[in-house]
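So you can see what is in the structure, the chains are spelled out below.
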Amino acid sequence: MNVVPEQLTAKDFATDQEVRWCPGCGDYAILKALQRTMPEIGATPEKTVFVSGIGCAARFPYYMETYGFHTIHGRAPAFATGIKLSNPDLDIWVVGGDGDMLSIGGNHLLHALRRNVDLQILIFNNEIYGLTKGQYSPTSRIGTRSPSTPQGSVEAPVSAALFALGSGARFVARSVDTDQKHLPVMFKRAHAHRGASLLEIFQNCIVYNDGVFDGFKDPSVAADRQVRVEHGQPMIFGKEKNRGLRLRPGAFEFEAVTIGENGVTAEDIAIHDETNRVMATLLASMDPDTLPVALGVLYCNPAPTYETGVLSQAADVRAKSPNANLNKLLRSGYTWTV
Ligand SMILES: Cc1ncc(C[n+]2csc(CCOP(=O)(O)OP(=O)(O)O)c2C)c(N)n1
Ligand code: SF4
């Protein structure tokens, strides 16, 4: 008799754990969006693993009814790489805050990205350390006042998207915690991509950095302050849908122009090509004070994954030496007993 597969719903991915985020934290919206997306991508709890480091964002695995590892601050990409190599059939999501991923974990993130391990890596960027009570983080803007920078930070912040592109990531996207339409689309794209997918989610920490993204997130300004990029589509934005990005004549950067003004026509607006790393870099480099913030898939250009290469090498070696014995190998050459 054929067994009709059970249709899972968002509830099947929710646990009975008490959620320990502050009321109003952006993390709730991300959790809900991902729980809703899981059945739509055909995920099953027994094939899915969430891996996190330490921080508020890193509590995520407790709330997903899947396998999960709450590991060490900054080390989630390293754990996830090991899990993928030992069981490549698993679908692995890595979740961390900007501090976890880009401060102590910067090195681990870099190598997971450049190796192109098949992981969905989500950075919840709230530009602050939430769990440890609001110290500035590597993404905090210059002048951020915090318990560890009472006079305002003096450091230039790191951009998650530029870091990822510079590390050799083959998929880089951005979305916003509260955007319950766009966020699932980005989860689906990240999941469909074979290799390391980096999704930066601008997440509001209502307690220690409330409203830090309002300059482009607030509904009253969003249309003019965000550009939603889509492969093959002109990069149009604005309430009237009459603004767009074009390459500044004589320079290698985007500028915002208005169709119908100064001789600008619709043909002048640049078309997004998500396979173009230089274009992605220009989009990620746009100064948010003068240009809109680019959201969507900035870059997607698949390449062979790390686990495919490593596991096929291992299979070749095993086929050539079927009787290899690790014990024998360890005792070969110069060995001694102490
Ligand atoms: C080795 C180590 N260093 C420092 C800490 C302290 N610590 C815990 S969470 C955290 C930062 C959390 O900030 P972020 O990663 O941005 O996540 P959020 O809490 O904002 O979601 C720090 C510094 C730690 N747990 N382990
Ligand atoms: S401290 Fe900030 S990031 Fe952490 S749970 Fe509270 S609102 Fe969320």
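Residues numbered from 1 in each chain as written. Chains lettered and ligands numbered in written order. Predicted model: local features only at pLDDT ≥ 70, side-chain atom pairs only at ≥ 80, totals over all residues. Heavy atoms only, no water.

Draft legend 1. Structural detail: the overall build of the protein chain. When helices and strands are counted, the protein chain shows 12 helices and 11 strands. For 338 residues, the compact-globule formula gives about 20 Å, and the C-alpha radius of gyration of the protein chain, at 22 Å, lands near that figure. In terms of principal-axis extent, the alpha carbons of the protein chain reach across some 80 × 60 × 45 Å. Within the protein chain, the fraction of its 338 residues that count as buried is 46%. Taking as baseline every contact in the protein chain between residues at least 6 positions apart, the subset at least 24 positions apart corresponds to 65%. (Helix = DSSP H or I, 4+ residues; strand = E, 2+ residues; numbered from the N terminus. Rg over C-alpha atoms; globule rule 2.2 N^0.38 Å. Buried < 20%, exposed > 50% of the residue type's maximum accessible area, 1.4 Å probe, protein only. Contact = heavy atoms within 4.5 Å.)

Draft legend 2. Seen up close, the site of ligand 1. The immediate surroundings of ligand 1 are formed by 16 residues, with Cys56, Gly99, Asp100, Gly130 and Leu131 found nearest. Separating an oxygen atom of ligand 1 from a backbone N or O atom of Leu131 is a distance of 2.9 Å. For ligand 1, whose unbound accessible area comes to 590 Å², protein coverage reaches 73%. Per-element accounting of the shell around ligand 1 gives the leading share, four residues, to helix α4 (residues 98-104). (Near = heavy atom within 4 Å. Polar contact = N/O pair within 3.5 Å; in protein donor to acceptor, adjacent residues only side chain to side chain. Areas by Shrake-Rupley, 256 points an atom, 1.4 Å probe, with all protein chains shown as cover.)

Draft legend 3. A look at the site of ligand 2. The full set of residues close to ligand 2 is Trp21, Cys22, Cys25, Cys56, Asn126, Gly130, Gln203, Cys205, Ile206, Val207 and Tyr208. Residues belonging to the shell around ligand 2 are distributed by class as follows: eight nonpolar, three polar and no charged. (Nonpolar A, V, L, I, M, F, W, Y, C, P; charged D, E, K, R; others polar.)

Draft legend 4. Summary view of the packing of helix α3 (residues 76-86) against helix α5 (residues 106-115). Two numbers describe how α3 lies on α5: the axes approach to 7 Å, and their chain directions differ by 35 degrees. Facing Pro77, Ala78 and Thr81 of α3, the residues of α5 in contact are His108, Leu109 and Ala112. Classifying every residue of the contact of α3 with α5 by side-chain character gives four nonpolar, two polar and no charged. (Axes fitted to C-alpha atoms, helices over the stretch in contact; angles between N-to-C directions.)

Draft legend 5. Main features of helix α6 (residues 160-167). Along α6, the positions that sit buried rather than exposed are Ala160, Ala161, Ala164, Leu165 and Ser167. Burial along α6 is one-sided: seen end-on, the buried residues are contained in an arc of 165 degrees. Positive phi appears at Gly168, one or two residues downstream of α6, with a value of about 95 degrees. (Arc of directions from axis to C-beta.)

Draft legend 6. Highlighting the nonpolar core. Ranked by size, the top nonpolar core spans 42 residues in total, and within it Ile121, Met235, Leu245, Phe254 and Leu283 carry the most contacts. For this core, the element with the highest residue contribution is helix α10 (residues 277-284), accounting for five residues. By size, the runner-up hydrophobic cluster in this structure holds 30 residues, among which are Leu8, Leu34, Met38 and Met64. (Core = buried A, V, L, I, M, F, W, Y, C linked by side-chain atoms within 4.5 Å.)

Purely geometric numbers; function is a separate question.
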